[in-house]
Amino acid sequence: MDSIRISKVEKVLCGKSGGAHYGSLHLTAHHLIFRYEDSEKEEMWVPYPLISLVLKLPQTLHGQSPLTFHTRMFETFSLSFEKERDAIDVFESVKELTVCTSVNQLYAFFYTPNPPFDATGGWSLYSPREEFGRMGVGTRTKAWRFTDINKDYTFSPTYPSRLVVPSRISDSTLQYASKYRSKCRIPALTYLHWANFGSITRSSQPMVGIKQNRSLQDEKLVEAVFQSHHFSESRPSGPVYGATSTNLIVDARPTANAVANTAKGAGTENMDNYKDAKKVYSGIDHIHTMREALAKVVDVLREADNVAASVTGSLPGEAQQLVVVDRQALRRSGWLRHMSNIMEGAALIVRNIHINSSHVLVHCSDGWDRTSQLSALAQLCLDPHYRTIRGFQILIEKDWVSFGHKFLDRCGHLSSDKFFTSLPETGGTSSGADAAQAFLASVQNRFTSQSHLKETSPCFHQFLECVRQLQRQYPSRFEFNERFLRQLLYHLYSCQFGNFLYNCERERRAGEDGVAPAERAACVWDFFNSTSELEQNKNDAYDPSLDDPSSRDPLADMGVLHPNAKDIRFWHELYGRTEEEMNGRLVISQTKEGQESTSLIDSLEDEPVNSINIPAGIPLPPSPARTPNVSNPSVVPSNAGNASEALTASLRGLWSSLPDIPQKTTADNIGAPSPTSMRPSGPPLRPSSPGSNLSPPARPRTANSTDTFYNTGVRSVWGKLSSNATAAFSAMQDAYDGVAKDFKALPGSSGDNEDAQGKISELQPRERLGNGERSAYRVTSQSHSVGSSYNPWDNVKPQKAIHVLPSDNPWSTTRSRSPRQGSLSRDIFDGKSLPLDPTVAHPPRRLESGESLGFRISGQNHDVGVPYLTVVSDESLVLEQEDHPPSTNTDPLGVGFCNK
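Criteria and thresholds
- Residues numbered from 1 in each chain as written.
- Predicted model: local features only at pLDDT ≥ 70, side-chain atom pairs only at ≥ 80, totals over all residues.
- Heavy atoms only, no water.
- Helix = DSSP H or I, 4+ residues; strand = E, 2+ residues; numbered from the N terminus.
- Buried < 20%, exposed > 50% of the residue type's maximum accessible area, 1.4 Å probe, protein only.
- Contact = heavy atoms within 4.5 Å.
- Areas by Shrake-Rupley, 256 points an atom, 1.4 Å probe, with all protein chains shown as cover.
- Core = buried A, V, L, I, M, F, W, Y, C linked by side-chain atoms within 4.5 Å.
- Disulfide = S-S within 2.5 Å.
- Arc of directions from axis to C-beta.
- Expected span 1.5 Å × (residues − 1).
- Axes fitted to C-alpha atoms, helices over the stretch in contact; angles between N-to-C directions.
- Parallel < 35°, antiparallel > 145°, perpendicular 65-115°, else oblique.
- Left-handed = near helix turned anticlockwise from the far one by under 90°.
- Nonpolar A, V, L, I, M, F, W, Y, C, P; charged D, E, K, R; others polar.
- Phe/Tyr/Trp six-rings, centres within 6.5 Å; stacked < 30°, edge-to-face > 60°.
- Pairing = 2+ DSSP bridges.

**Student:** Describe the overall build of the protein chain, with residues and values.
**Tutor:** Looking only at helices and strands, the protein chain has 24 helices and 21 strands in total. The buried share among the 900 residues of the protein chain stands at 50%. Summarising the internal contacts of the protein chain: among those between residues at least 6 apart in sequence, 71% fall at separations of at least 24. Counting only carbon and sulfur atoms, one obtains 53% of the accessible surface of the protein chain, whose full area is about 42,400 Å².

**Student:** Go over the nonpolar core with me, naming the residues and quoting the values.
**Tutor:** Phe 392 and Tyr 575 are the most contacted members of the largest nonpolar core, which totals 103 residues. At nine residues, helix α8 (residues 335–355) tops the list of elements feeding residues into this core. Among residues more than four places away in sequence, those in contact with Tyr 575 are Phe 74, Leu 294, Val 297, Leu 301, Trp 335, His 461, Glu 465, Phe 570 and Met 582. Among the nonpolar cores identified, the runner-up in size contains 25 residues, and Val 9, Tyr 36, Val 46 and Ala 87 belong to it.

**Student:** Give a detailed account of the state of the cysteines, specifying residues and quantitative values.
**Tutor:** Counting across every chain of the model gives zero disulfides. Free cysteine: Cys 364, not disulfide-bonded; nearest cysteine sulfur from Cys 459 at 8.8 Å. Classification of Cys 364 as buried rests on a relative accessible area of 2%. Of the cysteine sulfurs around Cys 459, a residue in no disulfide, the closest is that of Cys 411, at 8.7 Å. Owing to a relative accessible area of 3%, Cys 459 belongs among the buried residues under this scheme.

**Student:** Any details on helix α3 (residues 171–178)? Residues and values, ideally.
**Tutor:** All of the buried residues along α3 are Thr 173, Leu 174, Ala 177 and Ser 178. For α3, the buried positions fall inside an angular range of 135 degrees around the axis, keeping them on one side. The secondary structure elements touched by the buried residues of α3 are β8 (144–147), β9 (163–166) and α4 (216–226).

**Student:** Which residues make up helix α9 (residues 370–382), and what values go with them?
**Tutor:** The end-to-end C-alpha distance of α9, which contains 13 residues, comes to 18 Å, matching closely the 18 Å that a straight helix rising 1.5 Å per residue would cover. Among the 13 residues that make up α9, 13 are buried, leaving the element largely enclosed by the rest of the structure.

**Student:** Outline the packing of helix α13 (residues 459–473) against helix α14 (residues 482–494), listing residues and values.
**Tutor:** One way to put it is that α13 packs onto α14 with a least axis distance of 10 Å and a crossing angle of 175 degrees. The pairing of α13 with α14 is recorded here as roughly antiparallel in orientation. Each of Phe 460, His 461, Leu 464, Val 467, Arg 468 and Gln 471 in α13 lies in contact with α14, whose residues at this interface are Glu 482, Leu 485, Leu 488, Leu 489, Leu 492 and Tyr 493.

**Student:** Describe unusual backbone geometry, listing the residues and the values that go with them.
**Tutor:** Omega for the bond connecting Asn 114 with Pro 115 falls within 30 degrees of zero, at 0 degrees, which places this linkage in the cis form. The residue Pro 115 is located in the loop between α1 (84–98) and α2 (128–135) in this model. Although it is not a glycine, Tyr 153 sits at a positive phi angle of roughly 65 degrees. Following the sequence through the fold, Tyr 153 ends up in the loop between β8 and β9. The residue Lys 183 is not glycine, and still its phi comes out positive at about 60 degrees. One can find Lys 183 in the loop between α3 and β10 (188–192). Lys 183 sits in the partly exposed class, given a relative accessible area of 45%.

**Student:** Provide a residue-level description of the packing of helix α10 (residues 389–402) against α13, including the pertinent values.
**Tutor:** Where α10 contacts α13, the two axes come as close as 14 Å, and the packing angle between them is 145 degrees. As α10 packs across α13, the resulting crossing turns out to be right-handed. When α10 is examined against α13, the residues Phe 392, Ile 396 and Trp 400 are found in contact with a partner set consisting of Cys 459, Phe 460, Phe 463, Leu 464 and Val 467. When grouped by side-chain class, the residues that make up the contact of α10 with α13 number eight nonpolar, no polar and no charged.

**Student:** Mind laying out the packing of aromatic side chains, listing which residues take part and the relevant values?
**Tutor:** Inspection of every chain in the model, using the stated rule, returns 26 aromatic pairs. When the ring of Phe 34 is compared with that of Tyr 36, the centres are 4.9 Å apart and the planes differ by 80 degrees; the resulting orientation is edge-to-face. When sorted by exposure, Phe 34 lands in the same class as Tyr 36, which is buried. Where Phe 392 meets Phe 480, the ring centres are 4.8 Å apart and the plane angle is 40 degrees; that geometry is what we call tilted.

**Student:** Give a detailed account of the sheet that holds β10, specifying residues and quantitative values.
**Tutor:** If you walk across this open sheet you meet the five strands as β10-β11-β14-β12-β13, and the pairing is mixed. Both edges of this open sheet fall to β10 and β13 (278–281), since each of them pairs with a single strand only. Strand-to-strand twist of the sheet, defined as the mean angle between neighbouring strand axes without regard to direction, takes the value 25 degrees. Two elements, β10 and strand β11 (residues 199–203), share four bridges in a ladder whose sense is antiparallel. In the strand pairing of β11, Leu 189 is matched with Thr 201.

Below, the structure is given as structure tokens:
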């Protein structure tokens, strides 16, 4: 093809999943293929539609020209070329091959299975007559009928050709009612409950407008839907006890959005016109908010890859995947909150149909995004048939493909060159004007002509994540496993099959050139129903006996699932991470009965590593190993979990060699530390990584030490260095503050009275202290009992006054002696026998039992006399001052004089 500038490049370095390997790159018409030099490694095939972003980076210090690829399956890999020309050719070739202008250019119309699939009939898997007949339409109840009013798609181009509507409503009434619904998407049946004739119907928003328009035909249609249970063949003669009639109109939008649409001529139902029904708003945001939320999740994951690459000095994809995912940023994205709203809306529909024996009409704006999500999830909970592999395929064909979800627009199959960015070179060879021009071109490439992006949204992806939540909450109720959902999402974007390439059933049947895709493209269901795929996608824990409605087991639920909208987690297998990285640690607590219960850490207050209830000096228990929960068979382990262990082992030696400086505490927080005082003010810290229990046992870590890497499970060297430096600086600052505070207590006169002795003054000029006064500077700290574990930097108030000799300048490099040195030294030693002569060396004296342990700080002969610590053999810290001849030009501030 003309688009391929270069088809093969040798000696290419590929960085992916924490490793870098050499190989050859091959560009075909529909795939980027990388073949490793190591024949044991499997080739990497990347369909071009799967590429979401390509960055051309400047040359590295080694002279290599890298390209970084990001895929829609949240994978990142880099390709480094020896020649700049090769990198440019590959970049431009992939760009032209990825950006398509027609659906017919996609891979599905060129793909031929080899060998052919052993399963066939995927294109005719869903038959409306068979599926609604299975529900009981025409057999169990006569309240519904099939209509061919849309057989040629002239009634509603985005609706299926065959609709199920109430028997009481004629086609002429439907024609009038369609004018009142957006895109003529009238209320149509999508599910009839097997237990009580409750129904789920779906439609688009009514065209109410500012004038509060109404349609009698639409009101009659909705009334017939809500009264359809009165026309069943096997309707009970008496009332159903425990059931109440609470027919619902579920508007999936937030209230503000629904009301705001009245300005556009649309809006929401005026419930004064719809009797025997209530209306609720699910509060699910529109497609743009969902797109931005997932983009924030992707940004967090890419930032984690960039951090891992910067730590090792490699490219994104080459570095080992450190546990540096910012879980707080993930939660701030709102992705979990949006899924919780969807799950809550589905749970409401399930309760109203199964428990209240009532009907539900679901709609959003146009009825093909949020409506499909709520309708399909509710049916998945209500009908065990849809939790089988074949039933789930039929559900997708019915509620997503047939009812007109816009796969082509929402998935962005016709990609754009806006996803390809070439970063400007930062070397000195290019001028400033060239760099500025390249930057402006990059900005223009990012922010202009974004019309192709505004229709994209991860609606179907979000639905699959919600199914994964149900699968995790009910691991034995689904015939398919997690891999099945992940493979389905992969082929949604790979464009290898023709199922998800169009916006509605009409387009899929006609095609762009009049040839039906079923005649030219392979079907994804044939692929999934093949023998090899079925074996890999089956859930071993699946137990269909639990769905028996006649079961009288106390735990039986008649096959109806009630989702927990609060138990929502990230699908970590999809994002290539571990459970701990994406969702936090599972804390195992012991209950009164002795059973173990697990809970997920959702916030900083829940992190045990940040809890201050642990007494100081007691080491924290190690983090649990990041392995999947074996008790949950539905969880498939990810291959991205062992990458951080190598870094943990390499840093363990440096970690254990660092000194421990205890954190500064006060007398108020020794006994009961305050949560607010000891909680980090910045982002929350991540607990220790697995394998941390292999560190030397003689180095217990206290609960208040900030020695964890930001949001990681890897111990951070930098956090420990910062903690020690902060503690040392605080201790020196407190020492100086204590000296300055005691100096203030010295009286202004230089008299020799007894009251003045033992008191301390602030730095005073030489005129006030007197020329004849000479003194040595000596400080003693608070005494501690021998054998007690004490912190020499503790700022606990001393039990007795600290005596410090007055000095003309304690920070000067020269010192003078004073006749009062002896008397003041006598106060220091508390009236004991004569003090030791500081000019004569003496052997160190051992402390007797009961004597206090003190420390002294000695000065240092530098330009500025900063005290320094010396450890003496008698286990006391001594601060002494060197003797120097008196100076006549002493500088009180230690900044030096200028002689005039």
